[in-house]
Amino acid sequence: MAVSLCAEPFDPWLTLAQHAASLRKGDHGACASFIGTMRDTNLGDAVQSLTLEHYPEMTQHYLESLTDQAVNRWQLNHSLIIHRYGQILPGDTIVLIAAWSAHRAEAFEACRYMIEELKARAPFWKKEITQNGERWLHDAPSS
Amino acid sequence: MAVSLCAEPFDPWLTLAQHAASLRKGDHGACASFIGTMRDTNLGDAVQSLTLEHYPEMTQHYLESLTDQAVNRWQLNHSLIIHRYGQILPGDTIVLIAAWSAHRAEAFEACRYMIEELKARAPFWKKEITQNGERWLHDAPSS
Amino acid sequence: MQLNVKFFASLAEQTGTRQMTLRGTHLSNVLEVWNQATAEKPLPQNTLCAINCVHASFKDPVHDGDEVAFFPPVTGG
Amino acid sequence: MQLNVKFFASLAEQTGTRQMTLRGTHLSNVLEVWNQATAEKPLPQNTLCAINCVHASFKDPVHDGDEVAFFPPVTGG
């Protein structure tokens, strides 16, 4: 089980490949993964970059407890949560979630649970930088 | 949108990375993927290998129509279905499914839909080779 | 009338046939194709069929030149 | 009583403060911490809070040495 906060761009597929390679072959039958990526438009505006603020001590603590919740609820061989913070550009991976299990239902449900809970509760805040200036996403009308 | 049948082992993460790299940066905000992998035990028995028979003309046709169904139902930037056939060893990837979309709900739903439909309807048949001989999985009690 | 008939997986083993061509006899639906192709072998429970690579039911009509396939429940993925 | 108070994102901008220490006054719950720390600024709708890095509600009690954080709805992922 791994949780990581990341200030620099990372390659989500390479990261997934490395984690998959670290698992014993033949143990898991399923891996469900989710990658959230920065888009270059939002709410009809071109977005040049994103500043992702977070509450470092709480983020780490929250994501670890989220992992524990998933592990307690589903039989997982491995799980992964990686989240960027700081300056982010279009095309950058913002979040990577993955769950390995014997069977697909557990892998899918754990992966979906972790991203939905993270979106609802993890202390991150996005500020978009557009041609018209900056805006906090939590102040913007939801899409 | 891509469908591929594969006689040889392939690296699912490298394949995903290549497809992701072929997409325009900033267009998609979400990628949900599923990888099904051969386990070395099933129904309490050690499994040495698997022979995956299929109906080649129908498989290709079926997987293309499955892609069409997903594309008609969800807004996808890209989708991917890759399935092995032939001789398969523990740890080998059997199936890879991925869906890229602007938002996560569509990516997750399309990915889950494609794997569930594939499991229920795509013309593949697994024969397990164990120490006690061979067995068709469709004759085995379901796990 | 000519039909191309295929059997897969355990059905190919049970019938001892992977592929055969039926010629001459008029057959109106998939079930009649099964009966003719297998010399009236009992149809194993849960057997599925396809006409020209599309899932079908045993009552579906067949036409000259069709490929009719029989197979057990699928277990891919 | 000593409390460490933090504000994040738009709340840090609105209050002009990211971090402050409250000393001396006895405060019994999170809402009282807000009022003291912001000199009774109105609480923006949907403001969230945490005590010692765990989600909390505004009625939750605070204790000497606690870190109390205020932040707008989260938008990560």
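Residues numbered from 1 in each chain as written. Chains lettered and ligands numbered in written order. Predicted model: local features only at pLDDT ≥ 70, side-chain atom pairs only at ≥ 80, totals over all residues. Heavy atoms only, no water.

**Digging into the pairing of strand E4 (residues 45–54) of chain A**
Residue and element names in this part refer to chain A. As a reminder of what qualifies: Two strands make a pair as long as DSSP finds a minimum of two bridges between them. Secondary structure elements are defined from DSSP: runs of H or I of at least 4 residues count as helices, runs of E of at least 2 residues count as strands, and each element is numbered from the N terminus.
With two bridges connecting them, strand E3 (residues 41–42) and E4 associate as antiparallel partners. Looking at the pairing, Thr 41 lines up with Ala 46 of E4. Here E3 folds back onto E4 in antiparallel fashion, the turn holding two residues, of which Leu 43 has a positive phi close to 55°. Pairing between E4 and strand E8 (residues 124–130): seven bridges, direction antiparallel. Considered in E8, the bridge of Val 47 is made with Thr 130. In this structure, E4 lies alongside strand E6 (residues 86–88), joined through three bridges in antiparallel fashion. Considered in E6, the bridge of Leu 50 is made with Ile 88.

**Details of the sheet that holds strand E1 (residues 2–7) of chain D**
To summarise the sheet geometry, strands pair through backbone hydrogen bonds and adopt either a parallel or an antiparallel arrangement. Filter applied, for reference: Under this scheme, a helix contributes an axis fitted over its contacting stretch, all axes are lines through C-alpha atoms, and angles between N-to-C directions fall in the 0 to 180 degree range. Throughout, a residue-residue contact means that at least one pair of heavy atoms, one from each residue, lies within 4.5 Å.
Here five strands make up an open sheet; going across it, the order is E2-E1-E5-E3-E4 (chain D) and the pairing mixed. In this open sheet, the two edge strands, each paired with only one partner strand, are strand E2 (19–23) and strand E4 (54–56) of chain D. Across the sheet, the mean angle separating the axes of adjacent strands is 30° when strand polarity is ignored. Relative to strand E5 (residues 67–71) of chain D, strand E3 (residues 48–51) of chain D runs antiparallel, the two being bridged by four bridges. Counted as the bridge partner of Leu 48 of chain D is Phe 71 of chain D from E5 of chain D. Across the face of the sheet, helix H2 (residues 56–73) of chain A comes into contact with E1, E3, E4 and E5 of chain D while running at roughly 100° to E4 of chain D.

**A closer look at the interface of chain D and chain A**
Note the cut-off: Defined in terms of a 1.4 Å probe, buried area is the accessible area two parts forfeit on being brought together, summed over both. By salt bridge we mean one thing: a side-chain nitrogen of Lys or Arg within 4 Å of a carboxyl oxygen of Asp or Glu.
Every contact between the two is made by 19 residues of chain D and, on the other side, 24 residues of chain A. When the area that chain D buries against chain A is broken down by residue, the three leading residues are Cys 53, Thr 75 and Gly 77 of chain D, summing to 33%. Between the two partners, chain D and chain A, sit three salt bridges. Across the pair Arg 18 of chain D and Glu 53 of chain A runs a salt bridge, and its minimum N-O distance is 3.0 Å.

**Some words on the packing of aromatic side chains**
Here is the rule we go by: Between the rings of Phe, Tyr and Trp (Trp by its six-membered ring), a pair exists once the centres lie within 6.5 Å; its type follows the angle of the planes, with under 30 degrees stacked, over 60 edge-to-face, and the other angles tilted. Over a ring means this: the NZ of a Lys or the CZ of an Arg is within 6 Å of the ring centre and within 35 degrees of the ring normal.
The full count for this structure, using the stated rule, is 19 aromatic pairs over all chains. Above the plane of the ring of Tyr 113 of chain A lies Arg 73 of chain A, whose end atom (NZ or CZ) is 4.9 Å from the centre.

**A closer look at the nonpolar core**
Here is the rule we go by: Among the buried residues, those of types Ala, Val, Leu, Ile, Met, Phe, Trp, Tyr and Cys that are joined through side-chain atoms within 4.5 Å form a nonpolar core. Partly exposed describes any residue whose relative accessible area lies between the buried limit of under 20% and the exposed limit of over 50%, with all areas from a 1.4 Å probe on protein chains only and scaled to the type maximum.
Ranked by internal contacts, the top residues of the largest apolar core, which has 60 residues, are Ile 97 of chain A together with Ile 97 of chain B. Apart from residues no more than four positions distant in its own chain, Ile 97 of chain B is found in contact with Ala 32, Ser 33, Phe 34, Leu 80, Ile 81, Cys 111, Met 114, Ile 115 and Leu 118 of chain B. The next biggest cluster of nonpolar side chains, apart from the first, holds 28 residues, and it includes Trp 13 and Trp 100 of chain A together with Leu 80 and Leu 96 of chain B.

**Comments concerning the packing of H2 of chain A against helix H3 (residues 104–121) of chain A**
Residue and element names in this part refer to chain A. Rules: Handedness of each helix crossing follows the sense of rotation of the near helix against the far helix: counterclockwise by less than a right angle gives left-handed, clockwise gives right-handed.
Following both chains from N to C, one finds H2 and H3 inclined at 150°, their axes separated by 10 Å at the closest point. Read as a crossing pair, H2 and H3 show a hand that is right-handed. When H2 is examined against H3, the residues Tyr 62, Leu 63, Leu 66, Gln 69, Ala 70 and Arg 73 are found in contact with a partner set consisting of Tyr 113, Met 114, Glu 117, Leu 118 and Arg 121.

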